[in-house]
Number of protein chains: 2
Amino acid sequence: MSETGKQVAVGIDLGGTAVKIGIVNASYEILAQTSIPTNAERPYDAVIADIGKTAAALLAENGFTVADCAGAGVGSPGTIDSQNGVVLYSNNIRWDNVPLAAELQKYLPVPVRVQNDANCAALGEVLCGAAKGCQNAVFLTLGTGVGGGIVINGKIFEGGHPGGAELGHVKCGSEKRRCTCGRFDCLETYASATALIHDAKQMAAAHPDSLLWELCGGDLERMNAKIPFDAADAGDSCGKVLVDNYIQYLADGITDLANIFRPDKIVLGGGVCAQGEKLTDPLNRYLRENCFGSTVAYVPKAVIAENGNQAGMIGAAGLVLQ
Amino acid sequence: MSETGKQVAVGIDLGGTAVKIGIVNASYEILAQTSIPTNAERPYDAVIADIGKTAAALLAENGFTVADCAGAGVGSPGTIDSQNGVVLYSNNIRWDNVPLAAELQKYLPVPVRVQNDANCAALGEVLCGAAKGCQNAVFLTLGTGVGGGIVINGKIFEGGHPGGAELGHVKCGSEKRRCTCGRFDCLETYASATALIHDAKQMAAAHPDSLLWELCGGDLERMNAKIPFDAADAGDSCGKVLVDNYIQYLADGITDLANIFRPDKIVLGGGVCAQGEKLTDPLNRYLRENCFGSTVAYVPKAVIAENGNQAGMIGAAGLVLQ
C-alpha cells in the first residue's frame with residue numbers, strides 16, 4: 001500500500017463499442033468511472049493509447065497517483081494469453097495477437113493483467129456479487145453470445161492453455177445450427193439472447209396470430225429477448241414454446257456444468273437474466289431432478305448475477321486486487 | 001521416510017467383482033500385488049475387513065512395516081466424500097454412506113485417502129502414464145459406463161462438492177436414451193462400451209446380412225466392443241456406421257472437454273481403447289477442426305491410457321505418495 005494509504009486498481013471492460021474504465025477500491029467499490037468509444041476499426045495502438053491516457057487521467061482527477069494503484073486489469077473479449085497479457089484473437093474487436101498489457105503500460109505504468117471478459121465477470125460475482133464468498137462458481141453470460149467463466153478455489157480457472165472455459169462452445173442441441181466458432185450446435189446457438197431472438201422471429205413468421213407480433217409492434221426487427229417471456233406470461237402458446245425450449249437447452253447446459261464442476265453456485269448474467277426467477281425457478285427444478293447423484297450430493301443453485309454491467313470492471317480490477 | 005529407507009503406499013482398486021491391492025513405491029512401480037473377490041453383497045464392514053487384512057498381510061509378506069507405508073489410497077466407484085473418506089453412494093457395490101477410510105484404518109493403521117476410481121486412474125496416468133509430466137489432463141474411461149477424471153495443476157480436481165467430475169454424465173445426443181443416473185442422453189449412453197455393444201446388437205438384428213453376425217458367431221449375446229471395429233475394417237457397412245457414430249459422439253464429448261479445460265492431453269481408458277489409433281486418429285482430426293479457436297489456441301491431443309488395469313492401484317497409491 002502506498003504512503004497515502006489508499007489502495008485502488010483500475011478495472012477496464014473492453015467492449016466492441018465502448019470501453020468502461022473504473023477506479024475500484026479494495027472493497028470492490030467503484031470510486032469513479034468513465035466510458036469511451038472503442039472505435040475498434042483503428043490500429044490497436046491508437047485504441048490502447050486512448051484507454052491508457054483516459055485511465056491515467058481518471059486516476060489523477062480523483063487524487064490518486066500511480067503509487068496508489070495496485071495495477072490495472074483488463075477484461076477483453078476473445079482468446080487471451082493471460083500469462084503474457086496478449087489478446088490472441090478477438091472476433092469482436094478484430095484483434096489478432098495484440099500485446100495489450102505491454103502497450104497499455106506505456107501510458108499506465110502499473111502492473112497490468114488481461115483476462116477474457118467473461119472470466120472477469122465470473123471473478124467479480126465471486127468477489128462481490130451473487131457468488132460472494134463462494135470458493136467455486138461457474139458463470140454464464142446470456143447475451144450476444146454465451147460467455148463462460150470458472151472460479152476454482154477462489155481463482156479464475158481459464159483452462160490449462162488459452163481457449164479454455166469456453167462454456168458457450170459445448171455441444172447442446174442437434175438441429176445443426178452453425179456457431180460463429182465454426183462448430184455445429186454449440187450452447188451459444190441455443191441459449192444466447194441472439195438465439196432466442198432468432199427463434200422468436202422464426203416462430204412469429206410461422207404464426208401470424210401470435211402475440212409476438214403485437215409485442216414487437218408488427219416489426220420483427222424489433223424483436224428482443226424479453227418479448228417471448230412477456231408473450232408466455234400473457235398465455236401466448238408460441239411464447240410458451242419459445243421459453244420452454246430456451247430454458248430446456250439452458251437447463252441441460254447448466255446441469256452439465258454442475259456434473260463437471262459441482263460448484264457452490266451457477267451464476268447467470270447477460271441480458272436474458274432480467275427475467276430473474278422466471279429463468280432460475282425452472283432451471284433449479286431441472287437441476288434438482290437431473291444432477292448426477294442429486295439424492296446424496298450437493299446440487300448447486302442457479303442464481304442471477306448482481307454486478308450488472310459493472311461486472312466487467314469490478315472483475316478486471318479483481319485480477320490485481322485479489 | 002522410515003528407518004528402513006523404504007517408502008511405499010498401498011494402492012487399492014475397489015471394483016464390483018474384485019479388489020486389487022498393490023504395494024507401490026515412490027516411482028509408482030508396483031512391487032507386489034494381489035486380488036480378492038469383493039463379494040459386495042456382504043455387509044460393508046466384512047468387505048473392508050477383508051481388504052484391510054489382505055493389505056496388511058501383503059505389506060508384511062514383502063518385508064514392509066506400517067512405518068514404511070506412507071498410507072493407503074482407495075479408488076472406489078461412486079460418489080465419494082474424499083475429505084472424510086466416505087463412499088456416499090455407489091450403485092456398483094451398493095454402498096450407501098460407508099465410512100471406508102475409518103473402517104479400513106482398523107486393520108491398516110496408516111493415513112487412508114479415498115477417491116472416485118476414475119479420478120484415481122486420471123491421476124495415475126499423470127504420475128506415470130500417457131499424461132506423465134502434464135499439469136492438466138482430462139481422463140475418460142470407456143467401459144461399462146463412462147467415468148471421468150480431471151487433473152488441474154497436477155492434482156485431482158473433483159469439483160467443489162462431491163458429485164463433480166462426472167464427465168460421463170454430460171448431455172450428448174438427442175435420442176432420448178435413459179441413463180442409469182436418471183437423466184436422458186448422457187455421454188455414457190452413447191460412448192460407453194455398453195452403449196456400443198447395445199447399438200451393435202440392434203444394428204445386427206436389423207441387418208441379417210451384416211458381418212456382425214459372423215463375428216459374434218451367430219449369437220448376439222457374444223457381441224463385444226471390438227466386433228464393430230473389426231467389421232468396419234473388413235468393409236462391412238453396418239460396422240462402419242456403428243464406428244462412425246460412436247466416434248462422432250465421443251469426438252463431440254472430448255471437444256467439449258477441450259473447450260472447457262483446454263488440458264495438455266485427453267487420456268482415454270477402458271475396454272474400447274484397445275482400438276488405439278483407430279479411435280484416436282479420427283478423434284484428433286475432429287479436435288483440430290472443431291476446437292474453439294483452434295487456429296490460435298493449443299489443441300489437446302487424445303491419447304490412449306498406458307496403465308491399463310493397474311491404473312486404479314497406481315492412481316490410488318498416488319493419492320498418498322504425491
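Note that the coordinates shown come from a computational prediction; the quantities given were computed from them, not determined experimentally. (Residues numbered from 1 in each chain as written. Chains lettered and ligands numbered in written order. Predicted model: local features only at pLDDT ≥ 70, side-chain atom pairs only at ≥ 80, totals over all residues. Heavy atoms only, no water.)

## Let's talk about the overall build of chain A
1) Next: Secondary structure summary: chain A contains ten helices and 13 strands in total.
2) Next: Taking 2.2 N^0.38 as the reference for a compact globule, 322 residues should give roughly 20 Å; the C-alpha atoms of chain A span a radius of gyration of 20 Å, in line with that estimate.
3) Next: Principal-axis analysis of the C-alpha atoms gives chain A an extent of 65 × 50 × 35 Å.
4) Next: Considering chain A as a whole, with its 322 residues, one finds that 60% of them fall into the buried category.
5) Next: Within chain A, contacts between residues at least 6 apart in sequence are counted, and of these 61% link residues at least 24 apart.
6) Next: In the form shown here, chain A has an accessible surface area of approximately 12,600 Å², with 48% of it arising from carbon and sulfur atoms. (Helix = DSSP H or I, 4+ residues; strand = E, 2+ residues; numbered from the N terminus. Rg over C-alpha atoms; globule rule 2.2 N^0.38 Å. Buried < 20%, exposed > 50% of the residue type's maximum accessible area, 1.4 Å probe, protein only. Contact = heavy atoms within 4.5 Å. Areas by Shrake-Rupley, 256 points an atom, 1.4 Å probe, with all protein chains shown as cover.)

## Here's the deal with the relation of the copies chain B and chain A
1) Next: The two copies are related by a screw motion: chain B maps onto chain A through a turn of 180° and a shift of 0.0 Å along the axis, at an RMSD of 0.0 Å. Viewed as a symmetry operation, the transformation between the two copies matches a two-fold axis. When C-alpha distances to the rotation axis are compared across chain B, the minimum falls at B:S174, with a value of 3.4 Å.
2) Next: Here 100% of the interface residues in chain B have copies in chain A that are interface residues too; the copies meet face to matching face. (Least-squares fit on C-alpha atoms with pLDDT ≥ 70 in both.)

## Things to note about the nonpolar core
1) Next: Among the nonpolar cores identified, the biggest contains 82 residues, and A:L279 and B:L279 are the most heavily contacted of them.
2) Next: In this view, B:L279 contacts B:L142, B:F229, B:Y246, B:I247, B:L250, B:L268, B:V272 and B:C273; residues no more than four positions away in its chain are not counted. (Core = buried A, V, L, I, M, F, W, Y, C linked by side-chain atoms within 4.5 Å.)

## Observations concerning the interface of chain B and chain A
1) Next: Taken together, the contact between chain B and chain A spans 39 residues of the former and 39 residues of the latter.
2) Next: For the pairing of chain B and chain A, the buried interface totals around 3,400 Å² over both sides, and the portion due to carbon and sulfur atoms is 59%.
3) Next: Three residues, B:R183, B:I260 and B:F292, lead the burial of chain B against chain A; their summed loss comes to 21% of the area buried on that side.
4) Next: Run the count over chain B and chain A and you get four salt bridges.
5) Next: Two residues, B:R183 and A:D256, come together in a salt bridge whose shortest N-O distance is 2.9 Å.
6) Next: Counting residues per element, the ones that place at least two in the side of chain B that touches chain A are β6 (86-90), β10 (146-152), α8 (237-261) and α9 (277-290) of chain B.
7) Next: Considering each element in turn, the side of chain B that touches chain A owes the most residues, seven residues, to α8(B).
8) Next: For the side of chain B that touches chain A, the residue count by class is 20 nonpolar, twelve polar and seven charged. (Buried area = accessible area lost by both parts, 1.4 Å probe. Salt bridge = Lys/Arg side-chain N within 4 Å of Asp/Glu carboxyl O. Nonpolar A, V, L, I, M, F, W, Y, C, P; charged D, E, K, R; others polar.)

## Some details on the sheet that holds strand β12 (residues 265-269) of chain B
Two pairing modes exist for strands in a sheet, parallel and antiparallel, and in both the strands are linked by backbone hydrogen bonds.
1) Next: Read from one edge of the open sheet, five strands run β11-β10-β9-β12-β13 (chain B), paired in mixed fashion. Across the chains shown, the open sheet's two edge strands, defined by having one partner strand only, are β11 (155-156) and β13 (301-304) of chain B. (Pairing = 2+ DSSP bridges.)

## Observations concerning the state of the cysteines
1) Next: In the structure shown here, the tally under the stated rule is zero disulfides over all chains.
2) Next: The thiol of A:C69 is not disulfide-bonded; the next cysteine sulfur, from A:C120, is found 15 Å away.
3) Next: Not part of a disulfide, B:C172 finds its nearest cysteine sulfur in B:C186, a span of 9.2 Å.
4) Next: Of the residues examined, B:C172 reaches a relative accessible area of 7% and is grouped as buried. (Disulfide = S-S within 2.5 Å.)

## Structural notes on the confidence of the model for chain A
1) Next: Across chain A, pLDDT averages 95, with 98% of residues at or above 70.
2) Next: As a predicted assembly, this complex carries a pTM of 0.94 together with an ipTM value of 0.94. (pLDDT = per-residue confidence, 0-100.)

## Some words on empty space enclosed by the protein
1) Next: A full pass over the atoms with the stated rule returns three cavities of 30 Å³ or more.
2) Next: In this structure, the largest cavity occupies an estimated 100 Å³ of space.
3) Next: In terms of lining residues, the largest cavity is bounded by B:G78, B:T79, B:I80, B:Q115, B:N116, B:N119, B:E158, B:P162, B:G163, B:G164 and B:E166.
4) Next: Elements that contribute at least two residues to the lining of the largest cavity include exactly β5 (79-81) and β8 (112-116) of chain B.
5) Next: A per-class count over the lining of the largest cavity returns two nonpolar, seven polar and two charged.
6) Next: Considering only enclosed or pocket space, the second largest cavity measures out at about 70 Å³ in volume.
7) Next: Lining the second largest cavity are A:V170, A:K171, A:G253, A:D256, A:L257, A:I260, B:V170, B:G253, B:D256, B:L257 and B:I260.
8) Next: Sorting the residues of the lining of the second largest cavity by element identifies α8 (237-261) of chain A together with α8 of chain B as the ones contributing at least two each. (1 Å grid on protein atoms, 1.4 Å probe; cavity = no way out; pocket = protein on both sides within 12 Å on 5 of 7 lines; lining within 4 Å. Points joined across faces, edges and corners; volume = space filled by probe spheres on them.)

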